[in-house]
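Breakdown of the fold
Listed here are the chains, written in short residue letters.
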Amino acid sequence: MATERSLSLEARSILGARISRRGVLVGAGGLSAAGLLAACGGSGASKNDAKTLRWANWPLYLDFDSKTKKYPTLEKFKKQTGIDAQYFEDYNDNDEFFGKVQAQLKLGQDIGYDVVTPTDWMAARWIRLGYTQKFDLANIPNHGNILDSLKSPSYDPKRESSLTWQGIMSGFGWNTAKNPKGVRTLDDLFAPQNKGKIVVLTEMRDTIGIILMSQGVDITKVTEDQFMNAVDFMAKKIADGWIRGVKGNDYAQDLTSGDATAVIGWSGDMFILASENAGKFDFAIPESGGTISGDNLMIPSTASPAGKANGEKLINYYYDPTVAAEVAAYVNYVCPVKGAQAEMEKIAPELATSEYIFPTEKTAARLHVFRSLTPDEETKWAQAFQKAQGN
Amino acid sequence: MSFTLPKVRVPYLLLFPGFAFLFTFFILPIANLAQTSTQTPIPGGDTGQYQQTFAFSNYLNAFLDNREQFARSFIYATLATVFALAIAYPLAYAIAFKSGKFKNIFLVLVVAPFFTSFLLRTIAWKQILGEEGFVVPTLRNLHVMGQSTTITSTAVAVVAGMTYNFLPFMTLPLYASLERIDPRTIEASGDLYANGITTFRRVTVPLSLPGVVAGTLLTFIPAAGDYVNASILGSPNTKMIGNVIESRYFKIVDYPTAAALSFTLMAAILILVTLYIRKAGTEELV
């Protein structure tokens, strides 16, 4: 996604063809908030026998057929393997999910899932604490299909216990009527017409990462001083009334209601907003660089040997390029599987060239991963970031 | 010989389920929370790992760091309580004395919002008060509000949301105490040549005071600890103490500070409520 040629052009061309996830996301904010309540209800089936598999994932993150109310790729997996795969949209927030299962992980009691899907930095914490199991690579022959750029993250250099589910780019999203020239730099974001109508993400690494890069800092090596400096910048923009809110997925709702005119947001959400609202919204990776992160398929330490084996089969299945393309055609996040682009040609050629799903090398070069933090830094930096947003 | 329980044991047996419930779901968690509130991070430990060091300084630090949000919580809660009282009193009065055969319908209407989730109702308010909702464009067209003024993400929206969400808690106790007033006392007041205003001031209000006290407490206490309204309708500049506790617990994974803040909030509410009840002088009710 070159800055000169931002994404809405192709989003517009793709419009009409894609109807799967979008309708559902119109009320994204409501959904995520309702998810808060649903999350309290808990779920996680109790059975943990040889033929079952329980997978916790984020909402709207797997191909779904609204007619049959089923997940087509998951149904095929069930048929192929005879495994009763149960899918739970139980992820609403990394910290919240961790908070719910941490006590059981510590005690080694079944957490109710055989596959979990935390974001990179949280995946790092799970691995550090020994809450995951190493894969038996014999069960995952498709292991090598992961994109080279995702092959060796600092928290799992050999990808022994995690594989990316989907990649998430963050950058600037905007209302095209209010920002006819687009938003490509931090100055564009903090332009007078957006005053009081800017929303940034609650994900510290995305929001502060983008600010840092615009200040010329390399986020793969960021120091504490640089970080705190960027946090101060954000705090000042909040105090001066530029930034209206620091939010999760519900920034999408603010954009549609007109309460926000420019945001730091996620590619997948913006893709949907752009295609739902015919040219009203647009998204671009900042000139100075955007962040990329991923959600990771992992097997918790508490999964039984059978649960683990089934989980590995599932992971292998979704690393088949054909299956990965089917999922990507629905979720519109960055597809982590080599060969999926070629498969996409066959099922949805217009998406095979989408930079939302298959960023070109040129785009990928402008995407960076926030460096991993030590536990001390994690606490201290999170605290500064929370403080800046009034907490 | 028929089997009879010794009289003295009966009250204890009746109390047992209640005590067992409170012990499991109130005393134990509170003890755990108290225990957590004085912990400190394990040196070199991972995020979320704490050990007991009886660091009572946690309380002081937690309070000093968040004075602003504490103050805001109590100001917003007080405002919401006052507004709720101002709206609920005439409403409860009308239902109790003037609604005739529609009384039950009105009561159902007061309770009806509870059929929908608290969260969804608050999100609905966000739409109502949003830029493209009904209220803002109308007020702008009437020139009551400037073109660049907004309602959501301000204290006005937060207090309005709280007032709305807690209104039934104010209305129902008020209704209950107004409805119990013997109409003959009001007649007697008229017989003694008091006019309507004097009767209301000298008879109705004092007799409904227990309802006022109960209603204000039921509104103020949850409002002071509320974080949903501030997080959905507010901005970073309207965060309340509930938001801080949530962020400390889930985002920063700083359990001790979250626990210390919770205790401080409980203590502050307890003190304020005690003072209020003393002042209101309705001990027989509470």
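The rules we used
- Residues numbered from 1 in each chain as written.
- Chains lettered and ligands numbered in written order.
- Predicted model: local features only at pLDDT ≥ 70, side-chain atom pairs only at ≥ 80, totals over all residues.
- Heavy atoms only, no water.
- Helix = DSSP H or I, 4+ residues; strand = E, 2+ residues; numbered from the N terminus.
- Contact = heavy atoms within 4.5 Å.
- Areas by Shrake-Rupley, 256 points an atom, 1.4 Å probe, with all protein chains shown as cover.
- Domains from an automatic or database assignment.
- Buried area = accessible area lost by both parts, 1.4 Å probe.
- Salt bridge = Lys/Arg side-chain N within 4 Å of Asp/Glu carboxyl O.
- Polar contact = N/O pair within 3.5 Å; in protein donor to acceptor, adjacent residues only side chain to side chain.
- Nonpolar A, V, L, I, M, F, W, Y, C, P; charged D, E, K, R; others polar.

With respect to the overall build of chain A
- The helix and strand tally for chain A stands at 17 helices and nine strands.
- For chain A, the proportion of contacts with a sequence separation of at least 24, taken over those separated by at least 6, is 77%.
- Accessible area of chain A: about 14400 Å², with a carbon and sulfur share of 55%.

Brief notes about the domain arrangement of chain A
Residues and elements named next belong to chain A.
- Segmenting chain A into domains produces domain 1 (27-166 + 294-350) and domain 2 (168-292 + 369-388).
- Its C-alpha centre places domain 1 at a distance of 27 Å from the equivalent point of domain 2.
- In this complex, domain 1 contributes 14 residues to the contact, which on the side of domain 2 involves 17 residues.
- Regarding the contact of domain 1 and domain 2, the summed buried area is about 1400 Å², with carbon and sulfur atoms giving 55% of it.
- Summed over the three residues of domain 1 that lose the most area to domain 2, namely Trp 121, Asn 332 and Tyr 333, the buried surface amounts to 38% of that side.
- Scanning the region where domain 1 abuts domain 2 turns up two salt bridges.
- Residues Glu 378 and Arg 128 are paired through a salt bridge, measuring 3.6 Å at the closest nitrogen-oxygen approach.
- Remark: the boundary between domain 1 and domain 2 carries four residue pairs in polar contact (both at pLDDT 80 or more).
- Those elements that provide at least two residues to the side of domain 1 that touches domain 2 are helix H3 (28-41) and helix H6 (120-128).

Structural notes on the interface of chain B and chain A
- Opposite the 32 residues of chain B that make contact, chain A presents 36 residues.
- Of the roughly 3000 Å² buried between chain B and chain A, counting both surfaces, carbon and sulfur atoms make up 46%.
- It is Thr 47, Pro 236 and Lys 251 of chain B in chain B that bury the most area against chain A; as a group they hold 19% of the surface buried on that side.
- In this assembly, chain B and chain A are joined by three salt bridges.
- As a salt-bridge pair, Glu 131 of chain B and Lys 197 of chain A come within 2.9 Å of each other at their nearest N and O atoms.
- The tally of links between chain B and chain A comes to 13 residue pairs in polar contact (both at pLDDT 80 or more).
- Secondary structure elements with two or more residues in the side of chain B that touches chain A: helix H5 (118-129) and helix H11 (241-251) of chain B.
- The element best represented in the side of chain B that touches chain A is H11 of chain B, accounting for six residues.
- A breakdown of the residues in the side of chain B that touches chain A according to their chemical character gives eight nonpolar, 16 polar and eight charged.

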